[in-house]
Amino acid sequence: MNARFARHHRRGRRPTVAAAAVLLPLLALTACGSGAGTTSAAAPGGSASPAPSGDVVAGLKKIDALAALLPEDIRTAGGVRVGSSVGAPPSGYYPDNSRTPVGLDIDVTDAAAKLLGLTVDREVASFETILPALGSGKYDLGTGNFGVTTERLKSIDFVTYIDDGQGFGVSRKNTGLNQVTDLTQLCGLTIGTGAGTTFESTLNANKDVCAKAGKKPYEVKVFAESAAILTSLQQGRIDVVMSTINGLRYQAAQPAAGVRFLGEFHRLDVGFAFKKGSKLTAAFQAAVNELIKDGTYARILAKWGTTGSAISESQISPPEQQ
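Everything quoted here is computed from the prediction, not taken from an experiment. (Residues numbered from 1 in each chain as written. Predicted model: local features only at pLDDT ≥ 70, side-chain atom pairs only at ≥ 80, totals over all residues. Heavy atoms only, no water.)

For the rest of this paragraph, the subject is the state of the cysteines. Within the structure shown, the criterion is met by 1 disulfide. The disulfide bridge from cysteine 187 ends at cysteine 210, spanning 2.1 Å between sulfur atoms. Its torsion about the S-S bond being -95°, the disulfide of cysteine 187 and cysteine 210 is classed as left-handed. Of this pair, cysteine 187 sits in the loop between strand S4 (156-171) and strand S5 (190-194) while cysteine 210 is found in helix H8 (residues 209-212), placing the two residues 23 residues apart along the sequence. The exposure class assigned to cysteine 187 is buried, which follows from its relative accessible area of 15%. The class of cysteine 210 is buried, set by a relative accessible area of 0%. (Disulfide = S-S within 2.5 Å. Helix = DSSP H or I, 4+ residues; strand = E, 2+ residues; numbered from the N terminus. Buried < 20%, exposed > 50% of the residue type's maximum accessible area, 1.4 Å probe, protein only.)

In this structure, Val80, Leu116, Leu118, Phe272, Phe284 and Ile300 are the most contacted members of the largest nonpolar core, which totals 37 residues. Sorting the residues of this core by element identifies strand S1 (79-84), helix H5 (104-116), S4, strand S8 (259-275), helix H11 (281-294) and helix H12 (296-303) as the ones contributing at least two each. Discounting chain neighbours no more than four positions away, the residues touching leucine 118 are Leu70, Ile74, Gly78, Gly79, Val80, Ala113 and Phe284. The next biggest cluster of nonpolar side chains, apart from the first, holds 16 residues, and it includes Leu177, Leu183, Cys210 and Leu262. (Core = buried A, V, L, I, M, F, W, Y, C linked by side-chain atoms within 4.5 Å. Contact = heavy atoms within 4.5 Å.)

Take the pattern of salt bridges next. Two side chains that carry opposite charge are able to pair once their charged atoms sit near each other. Throughout the structure, instances matching the rule amount to 10 salt bridges. Of the charged contacts, one joins glutamate 151 and lysine 154 as a salt bridge, the two residues approaching to 3.0 Å between their closest N and O atoms. Classification of glutamate 151 as exposed rests on a relative accessible area of 54%. Since its relative accessible area comes to 59%, lysine 154 is described here as exposed. (Salt bridge = Lys/Arg side-chain N within 4 Å of Asp/Glu carboxyl O.)

The end-to-end C-alpha distance of H11 is 20 Å, a good match for the 20 Å that 14 residues give at a rise of 1.5 Å each. Every buried residue belonging to H11 is among Thr281, Ala283, Phe284, Ala286, Ala287, Val288 and Leu291, and all of these are buried. After H11 finishes, the residue glycine 295 shows a positive phi value of roughly 95°. (Expected span 1.5 Å × (residues − 1).)

Structure representation (structure tokens):
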């Protein structure tokens, strides 16, 4: 291991005990044809259940032509430093109180790294801290279901690997809201969402829509932990959740979560995040496209029940979807 990489080598960090205690298990979405066995959902406060079986990454080998696309310092170091947001299935979470995170983001990162001949030095970090840390050089890339937006493209480059986006969910006890196609439908309600997310930005940027419509404004409550959002919804402290399409579909598939998915609001490309101008993007784009070509990509998405978010080709920093 090169000294540059060794200096920064860290073990992934567990979330706080309070946060980990309320993480829900991952449930394979059989409606998406995952092929993975479903697991029974644990109530909040219970331990997380096992991840879907099957390691679709272990057999991958380095492809020299792809590794040749890496900048020389990374090839010499033999590894990349990855900042990962963990705690929101199916993207990334800790199963069965394990110290090893699993999920879609984890598998895609590890698969791409294997093709490039790299080891992954993963540090678990809070979602809102990862993108700023790329600019400081703390991480080589970041994962956390980061959506490609016009604002983020000013300082971040992306290599896309799924098509996810923004959606809304409510408690199953709430029968008064069936779909959100316009933010005025949220007027007078309290919406919970994650700190530093596109959801927070969207809600805050459009707070005037209710006043223009002559309605009571909606309130935005921001949480650092995704599990806390779900708990607040279950306890009636918020009326609506704004989160990822895949994450809300996952929750809605678990009876114990008590969540009803209201549908898609705005699709976004999602990808690996790099500091602007990073020389790593071409190599990771080529690696993702090879995973798509050889079928590994489809197997990863099937494992995590996210086949509906498949892309046909990875892109580098595409414009935000409209």
